[in-house]
Amino acid sequence: MKNHVNVEEWVAMFEAIGLDEARMHQWHKLFETRHPDAHQGFLEWLGLGWEEIDRIRAKFR
Amino acid sequence: MKTYSISKLARACGLSRSTLLYYDRLGLLKPSGRTGSGYRYYGEGERRRLRRIGRFRLAGLTLKEIRGVLSSGGKPGTRLLEERLRETADKIVGLKNQQRLLAGMLRQVASGKRPPMVDVKLWVKMLQAAGMDEDGMHRWHSEFERRAPEGHQEFLLSLGLSRQQVEEVRRLSREAWSIGRAEAASRRNRARSRVSWHDSKAPISQPKQLAGP
């Protein structure tokens, strides 16, 4: 099934409702430390490639 | 002094004879001598050394590394061990990933459905942990529905919601939760529009009902 939302759109939506960068960072960090597999699953769902996913996950580890 | 033939020592340590011949060639484990007819024999010292080799092998050290360790006092350096530990951790992450993917594929094959990437309870919990409140989530649904209705639908399905639940969330996103009307409607609709998986006290296994008065 094709996923219609890319990362930029996703970030734009969070910004539109007032979630700033710091909050998003916090969110990634929590996700990565508490539920690494789910974090991976979400990033895959967004359509990111393996390298990009690894990079993001490493950043918040 | 007790001695072992190559086959006996191999058997005692759960290895094959050819492994010991290979270790001999590498200089990792030399026999303590040869019999008159040229057969290798090993003593207790060699047996202990072989046990240590086995332990290092189990810990993931290569034969070359083991030879290095044994020829320099027998204690592996901290750096070597740390490196191996890090590699092991990487492998575990890789294996867990494999496990998750395989389990997902299996579920998918078994059910014919796409497995949820993150379950809805977990998703809500993580948003709450990052400081997003109920109103924030409602605003987010409205934005999502307005900007990318199909993406919204797909995302909700991917969280494991049923078609019916997805429809209800999308309807609320368009009506009760939409920006501008939210304030006026929220007081009236708050109870009606609260979805149970946003409530941390709701039972985890049943995100089915849209709680109503």
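A brief report on the enclosed structure follows. (Residues numbered from 1 in each chain as written. Chains lettered and ligands numbered in written order. Predicted model: local features only at pLDDT ≥ 70, side-chain atom pairs only at ≥ 80, totals over all residues. Heavy atoms only, no water.)

## Observations concerning the interface of chain A and chain B
Facing the 27 residues of chain A at the interface are 28 residues of chain B. Regarding the contact of chain A and chain B, the summed buried area is about 2700 Å², with carbon and sulfur atoms giving 70% of it. On the surface where chain A and chain B come into contact, there are 1 salt bridge. With its nearest N and O atoms 3.0 Å apart, the salt bridge here joins Glu44 of chain A to Arg100 of chain B. Linking chain A with chain B are 3 residue pairs in polar contact (both at pLDDT 80 or more), by the criterion used here. Those elements that place two or more of their residues in the side of chain A that touches chain B are helix 1 (7-16), helix 2 (21-34) and helix 3 (36-45) of chain A. Residues of the side of chain A that touches chain B, tallied by class, amount to 16 nonpolar, 6 polar and 5 charged. (Contact = heavy atoms within 4.5 Å. Buried area = accessible area lost by both parts, 1.4 Å probe. Salt bridge = Lys/Arg side-chain N within 4 Å of Asp/Glu carboxyl O. Polar contact = N/O pair within 3.5 Å; in protein donor to acceptor, adjacent residues only side chain to side chain. Helix = DSSP H or I, 4+ residues; strand = E, 2+ residues; numbered from the N terminus. Nonpolar A, V, L, I, M, F, W, Y, C, P; charged D, E, K, R; others polar.)

## Some points on the nonpolar core
Counting 42 residues, the largest nonpolar core has Trp10, Phe14 and Phe42 of chain A together with Trp123, Trp140 and Phe155 of chain B as its most contacted members. Elements with a contribution of two residues or more to this core: helix 1, helix 2, helix 3 and helix 4 (50-59) of chain A together with helix 6 (120-129), helix 7 (134-147), helix 8 (149-158) and helix 9 (163-174) of chain B. Per-element accounting of this core gives the leading share, 6 residues, to helix 6 of chain B. Setting aside residues no more than four positions away along its own chain, Trp140 of chain B makes contact with Trp10, Met13, Phe14 and Ile17 of chain A together with Trp123 and Phe155 of chain B. (Core = buried A, V, L, I, M, F, W, Y, C linked by side-chain atoms within 4.5 Å. Buried < 20%, exposed > 50% of the residue type's maximum accessible area, 1.4 Å probe, protein only.)

## A few points about the side chain of His28 of chain A
Residues and elements named next belong to chain A. Considering the arrangement of structural elements, one finds His28 in helix 2. Judged by relative accessible area, His28 falls into the buried class, the value being 16%. Excluding residues that lie within four positions of it along the chain, His28 makes contacts with His39, Leu43, Ile56 and Phe60.

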